Amino acid sequence: MKMIMKFGGTSVGDGKKIRHVAQLLKRYHEEGNQIVVVTSALGGVTDRLLENAHLASTKGKVSLVKEFKTELANKHHEAVRDAIDDPNVAKDVLQTLDLRIEELEKALIGICYLGELTCRSIDYISSYGERLAAPIVSGAVRSLGIPSIEYTGGEAGIVTTSDYGNARPLEKTYELVSKRLGCRLESHILVVTGFIGENEDGIITTLGRSGSDFSASILGAALKADEIWLWKEVNGIMTTDPKIVPEAKTIPQISYAEAMELSYFGANVLHPRTIEPAMREHIPVRVKNTFDPEFPGTLVVSEKFQCKHVVKAVSLIKNVALINIAGAEMAGTVGTVARLFTALAKAGVNIVMISQGSSESNLSFVISESHVESALNALHAEFNREIVKEITSDRNVCVVAVVGAGMAGTPGVAKRVFGALGNSMINIIMISQGSSQYNISFVVREDDAFAAVKTLHDEFELYNGNRIEKQL
Ligand SMILES: Nc1ncnc2c1ncn2[C@@H]1O[C@H](COP(=O)(O)OP(=O)(O)O)[C@@H](O)[C@H]1O
Ligand SMILES: N[C@@H](CC(=O)OP(=O)(O)O)C(=O)O
């Protein structure tokens, strides 16, 4: 089989884990599979890179850059020691790492002197997590006697828009990747940095936080892979985040549409865009546990292979805010909503969900907490108390979503959702249901969020894994 295997930051958290990953790869390679590996940064490294980029621009202290350089070098050198036995391979990898760390140091010192951090520089700095991980993963594979080459996303052919921090692949990516990687697949395990690509001028871009899943899917579609495997620290896509409800169970099979709804509604087990490229080529996506490789995990497949289970999972989006706008003149004033959306789009604000009262005199929507200032400024500038008289925001909220393809056309699901929440004395602040009827989502107070997820997990008996399997 031709396979893409993506390993997340927890899976390549340190040298011992990378050694384990290399052994897994050896096993699948020896079974006759052609493998492209997509690696994330070692766990926590992207966060540290971003923190230090911000520190450099605000404090401007070169001594802090030097301290960070030592921290990064120590972490990655230790990983090489633990992951790679062959001394020649280790020497080669250490040389590559040191060169890259020096480049990074220069860039951070530049930011110290300039005192400013552009979106383009943020992408450049944060790309180093994956650019330091890939040589180690590829070296660990070579150390086991298997030829391996490492590529950055751009070198592999991922060409993107210039939307730094949220770049999308251009259509030419699919042909380019196939040309560049296709011919080497037979003889090598290819290791590609997740999360990053480059624009048409060769400038590094990133696909958004947790974007390595998306990279894997792009490469899978380009190479027309038989399967895309996403290796994680959990046993697949589960009925809810096991960190919130420990009784959560693995969902053995789920449709592309359901997996997309879940990821859009906060199940950070998948990057929200992951499914699109796989779906365009009908490639099955498997989510597996790196630390329990025999466990089958979850298979994400096209709808036609999928039985309909009313509710499959419950998810939670944190770090959001609710914005309310109100004004008696809003009722019947044509174009108010268009002005609102245009103003928000110009300010770069993404809307998570929307609800409009039937009186038309108020409208509520949910956005990411980090966009609140820009949204409020944009709305005040656009309306200036004309038509819209009141604009308020509330940051202490979360969005909960109940997802399942079988909800479409099954009466009574909403009654059960809101009945169960009522019995648990959980107040609903806002409700939204997409016309796809694949999910019902609603806003609750942050303090009620975990209880809401647990209540619904119990109501639909999602802790009872057998029940899901029986209905498949
Ligand atoms: N429905 C869900 N199923 C599985 N994991 C979930 C779900 N919702 C949230 N999560 C969280 O997503 C994380 C995914 O695993 P992780 O190894 O961190 O992925 P990656 O490193 O690829 O980003 C887990 O830590 C888990 O707590
Ligand atoms: N390293 C990047 C990209 C990524 O996909 O990471 P992970 O697979 O660990 O979510 C991030 O932290 O956002």
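Residues numbered from 1 in each chain as written. Chains lettered and ligands numbered in written order. Predicted model: local features only at pLDDT ≥ 70, side-chain atom pairs only at ≥ 80, totals over all residues. Heavy atoms only, no water.

**With respect to the site of ligand 1**
Piece 1. Residues in contact with ligand 1 amount to 17 residues; listed here are only the nearest, Lys6, Thr10, Glu233, Asp241 and Lys243.
Piece 2. Between ligand 1 and Gly9 there is a distance of 3.4 Å, counted from an oxygen atom to a backbone nitrogen or oxygen.
Piece 3. Coverage of ligand 1 by the protein chains reaches 90% of its 570 Å² of free accessible surface.
Piece 4. Here the shell around ligand 1 is built from residues that sort into six nonpolar, six polar and five charged. (Near = heavy atom within 4 Å. Polar contact = N/O pair within 3.5 Å; in protein donor to acceptor, adjacent residues only side chain to side chain. Areas by Shrake-Rupley, 256 points an atom, 1.4 Å probe, with all protein chains shown as cover. Nonpolar A, V, L, I, M, F, W, Y, C, P; charged D, E, K, R; others polar.)

**Focus on the site of ligand 2**
Piece 1. In the vicinity of ligand 2, the residues found are Lys6, Gly8, Gly9, Ser40, Ala41, Thr46, Glu130, Phe195, Arg209, Ser210, Gly211 and Ser212.
Piece 2. Take Lys6: an N or O atom from its side chain is 2.8 Å from an oxygen atom of ligand 2.
Piece 3. Measuring from a nitrogen atom of ligand 2, one finds a side-chain N or O atom of Thr46 at 2.8 Å.
Piece 4. Burial of ligand 2 by the surrounding chains reaches 84%, relative to a free accessible area of 340 Å².
Piece 5. Here the residues of the shell around ligand 2 are counted per class, giving two nonpolar, seven polar and three charged.

**Quick look at unusual backbone geometry**
Piece 1. In this structure, Phe195 is a non-glycine residue whose phi angle is positive, near 75 degrees.
Piece 2. With respect to the secondary-structure elements, Phe195 resides in the loop between strand E4 (189-193) and strand E5 (196-198).
Piece 3. Given a relative accessible area of 4%, Phe195 falls into the buried group.
Piece 4. Notably, Lys224 is not glycine yet its phi reads approximately 50 degrees, a positive angle. (Helix = DSSP H or I, 4+ residues; strand = E, 2+ residues; numbered from the N terminus. Buried < 20%, exposed > 50% of the residue type's maximum accessible area, 1.4 Å probe, protein only.)

**Examining the domain arrangement of the chain**
Piece 1. By domain assignment, the chain separates into domain 1 (2-233) and domain 2 (313-471).
Piece 2. Of note, the centres of domain 1 and domain 2, computed from C-alpha atoms alone, are 36 Å apart. (Domains from an automatic or database assignment.)

**Let's talk about helix H14 (residues 413-423)**
Piece 1. Within H14, burial applies to Val413, Val417, Ala420 and Leu421. Taken end-on, H14 shows its buried residues confined to a sector of 100 degrees, consistent with a single buried face. Seen from the open side of H14, the exposed residues pointing more than 90 degrees away from its buried face are Lys415 and Asn423. (Arc of directions from axis to C-beta.)

**A word on the sheet that holds strand E8 (residues 253-255)**
Piece 1. Judged by pairing direction, the sheet is mixed, and its eight strands sit side by side in the order E3-E4-E2-E1-E7-E9-E10-E8 without closing on themselves. Edge strands, defined here as strands with exactly one partner in the open sheet, are strand E3 (148-151) and E8. Each strand axis lies, on average, 20 degrees off the axis of its neighbour in the sheet, ignoring direction.
Piece 2. Here strand E1 (residues 2-7) pairs with strand E7 (residues 227-232) via five bridges, running parallel. Bridge assignment links Ile4 to a residue of E7, and that residue is Ile228.
Piece 3. Across the face of the sheet, helix H9 (residues 212-223) comes into contact with E1, strand E2 (34-39), E4 and E7 while running at roughly 170 degrees to E1. (Pairing = 2+ DSSP bridges. Axes fitted to C-alpha atoms, helices over the stretch in contact; angles between N-to-C directions. Contact = heavy atoms within 4.5 Å.)

**Considering the pattern of salt bridges**
Piece 1. Applying the stated criterion across every chain yields a total of 27 salt bridges.
Piece 2. Between Asp85 and Arg19 there is a salt bridge, with the nearest N and O atoms lying 2.7 Å from each other. Linking Asp85 in the loop between helix H3 (62-83) and helix H4 (87-114) with Arg19 in helix H1 (residues 15-30), this pair joins segments that are 66 residues apart in sequence.
Piece 3. Overall, the relative accessible area of 27% leaves Arg19 in the partly exposed class.
Piece 4. A salt bridge links Arg48 to Glu51, with the nearest nitrogen and oxygen atoms 2.6 Å apart. Pair noted here: Arg48 and Glu51 are both in helix H2 (residues 45-59), with a separation of three residues, about one helical turn.
Piece 5. For Arg48, a relative accessible area of 30% puts it in the partly exposed group.
Piece 6. Through salt bridges with shared partners, a single network forms among Lys6, Asp213 and Lys232. (Salt bridge = Lys/Arg side-chain N within 4 Å of Asp/Glu carboxyl O.)

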